[in-house]
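A look at the structure
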Amino acid sequence: MFRAHMSVTRIWQLIEKRRMSCISVRGKLPGLQHAVGEVRRKSSFRQSPLLTAAPGRALIDEQISIKGHFLSQNYPVTVCAQMHSEEGDLWEAFAHYTTNASKSINLTSDHSVGGSYLGCEPMGLFWALEPALGSREVLRLRKRNVETPYIVNISLLEGHTSPSEGQSTELAAVTVERWYMAPGVRRIEIRQNKIVGTLFLPPGERPGPFSAMLDLWGMGGGLSEYRSALFASRGFASLSVAYMGHKDLPGPPDIMSVGDLYFKSAFQLLQDHCQVDADRVGVIGLSFGVCLTLRIATRIGVKPSCLICINGPVGSPLLDEDGKTKTIESDQKHWELDDRGHVSFRHVSLPDNLPPENKQKVKNITCPLMYIVGEDDQCAASTENADVIEEALRSAGKSQLFTRLSYPGAGHLIEPPYAPCARASLWRAKPEKLFTLWGGHPAPHAAAQEDSWKRILEFMETHLRR
């Protein structure tokens, strides 16, 4: 279905084939093959254990096949994944397996009996990653530089052990690269018409025009590019826009000093690009980005082709008439703290706690809308907001426009597949540390991310490439 996926995979296959051919040429020295053959005939040793991961280079949303070979039957082993974040923190996950009758393990079909996850989880080593013992507190793994991959080291260890024990015998190891940005994707920094963002265009020889998405994140601020980079890797142009907490934006970092005209300009900038189909532009928002997505579709005079909303409110008491905000701490009466002092904004976004004038006029929506609910969302009242949207569209005779995806055990931060679940993370460091509670449990959250990403791409395919 997704033509860009095939081209990306093929490019990486050609790169790997060329690398392996170079290795083969280096091995063909005079007499070497004969000598190796002699050693094998004279040796009684069995082949050394081998760990494979294929493909070795892949997009972050692609599954990889991890296998252990040439072991003993009914042999206990541990498979461990370790990587460093861009901030230098060590993340790791591990799982216990017992070899089968063929003296091997296959993470695609075999069950983990202990460790970071249980059961058959082909990508468990990735979504179950956690900060290693002794790391900084309450971390969230996010990619800042999409032009480089995550480098993940996977090792096969003897026995059922854990990385923290530090005395395991390593039997084999392999390294994989996990990318958000496919070969050939074009990354273009946008600093025009006062817009601060990054535009990603799909790879390949076709000049477009491409279907496109305007990509909006939450009130954490800054410019997050990784979802847009992945959209472009899948054949959709995407413009990720910063609207607060960025050095190139006006005003203090803790308020949104840009308003409706800013988002209208961003949408039109995307429409006007020579490689974008102006009639096939959608908007996606997460968290506070949902409120902005609904506002764009109902108030500022543009007509998106589709909307995707992930765990966010229909309105905000922080927004003024022009779509700008006060500081997030201007109204704390609905904040809740858990026993560790982590703050939940869930009650802030309950529809009953939103003044009527602060709610977006959802009944005015004219395009298909997908709303994704994490049922363990501790940051936004996602189920209640989805109910309000669904009822408003039903009352307006527009039920056919609404699609709801609801995931038990999933939290607020439903992202592209195989990202670790962050139940809480640092919201800000100054003037004092503030940690936000997001919610979610690792296994169901991972399942939600995998399924919802597939459904998001299908939704975009249907409504942007009609």
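Rules used throughout
- Residues numbered from 1 in each chain as written.
- Predicted model: local features only at pLDDT ≥ 70, side-chain atom pairs only at ≥ 80, totals over all residues.
- Heavy atoms only, no water.
- Helix = DSSP H or I, 4+ residues; strand = E, 2+ residues; numbered from the N terminus.
- Buried < 20%, exposed > 50% of the residue type's maximum accessible area, 1.4 Å probe, protein only.
- 1 Å grid on protein atoms, 1.4 Å probe; cavity = no way out; pocket = protein on both sides within 12 Å on 5 of 7 lines; lining within 4 Å.
- Points joined across faces, edges and corners; volume = space filled by probe spheres on them.
- Nonpolar A, V, L, I, M, F, W, Y, C, P; charged D, E, K, R; others polar.
- Pairing = 2+ DSSP bridges.
- Axes fitted to C-alpha atoms, helices over the stretch in contact; angles between N-to-C directions.
- Contact = heavy atoms within 4.5 Å.
- Expected span 1.5 Å × (residues − 1).

1. Regarding unusual backbone geometry
- Here the bond from Ala54 into Pro55 is cis, since omega is -5 degrees, no more than 30 degrees from zero.
- Within the fold, Pro55 resides in the loop between β1 (50-54) and β2 (57-59).
- Pro209 follows Gly208 through a cis peptide bond whose omega is 5 degrees.
- Its identity is not glycine, yet Asn74 carries a phi of approximately 55 degrees, on the positive side.
- The backbone phi angle of Ser287 is positive, close to 65 degrees, even though this residue is not glycine.
- The topology assignment puts Ser287 in the loop between β15 (276-286) and α6 (288-299).
- Taking relative accessible area as the criterion, Ser287 reaches 15% and is therefore assigned buried.

2. A word on empty space enclosed by the protein
- Summed over the entire model, instances satisfying the criterion amount to three cavities of 30 Å³ or more.
- Its boundaries defined by the atoms lining it, the largest cavity holds a volume of some 130 Å³.
- Ile60, Leu141, Tyr150, Tyr418 and Pro420 are the residues nearest the centre of the largest cavity, which is lined by 16 residues in total.
- Across the lining of the largest cavity, the residue classes break down as 13 nonpolar, no polar and three charged.

3. Quick notes on the layout of surface pockets
- Estimated volume of the second largest pocket: approximately 490 Å³.
- Partitioning the lining of the second largest pocket into residue classes produces 13 nonpolar, five polar and six charged.

4. A look at the sheet that holds strand β14 (residues 237-241)
- In spatial order, the strands read β11-β12-β14-β13-β15-β16-β19-β20; together these eight strands make up an open sheet with mixed pairing. The sheet is open, and its two borders are formed by β11 (186-192) and β20 (402-407), each paired with just one other strand. The average angle at which neighbouring strand axes cross in this sheet is 20 degrees, direction not considered.
- Relative to strand β16 (residues 307-310), β15 runs parallel, the two being bridged by four bridges. Within β16, the residue paired with Ile284 across the bridge is Ile308.
- Here helix α5 (residues 260-272) sits on the sheet in contact with β11, β12 (195-201), β13 (210-216), β14 and β15, set at roughly 140 degrees to β15.

5. Examining the pairing of strand β22 (residues 434-437)
- With burial as the criterion, each face of β22 is covered, one bearing Leu434 and Thr436 and the other bearing Phe435 and Leu437.
- Relative to β22, strand β21 (residues 424-428) runs antiparallel, the two being bridged by four bridges. Bridge assignment links Leu426 to a residue of β22, and that residue is Phe435.

6. A short note on α6
- Compared with an ideal rise of 1.5 Å per residue, which puts 12 residues at 16 Å, α6 spans 16 Å between its outermost C-alpha atoms and is within 8% of the ideal.
- Extensive coverage of α6 is indicated by the burial of 11 of its 12 residues.
- Taken as a whole, α6 has its buried residues at Phe288, Gly289, Val290, Cys291, Leu292, Thr293, Leu294, Arg295, Ile296, Ala297 and Thr298.
- On its buried face, α6 sits against β13, α5, β15, β16, β19 (369-374) and α7 (382-395).
- Note on α6: the residue one or two positions beyond its end, Gly301, has a positive phi of about 85 degrees.

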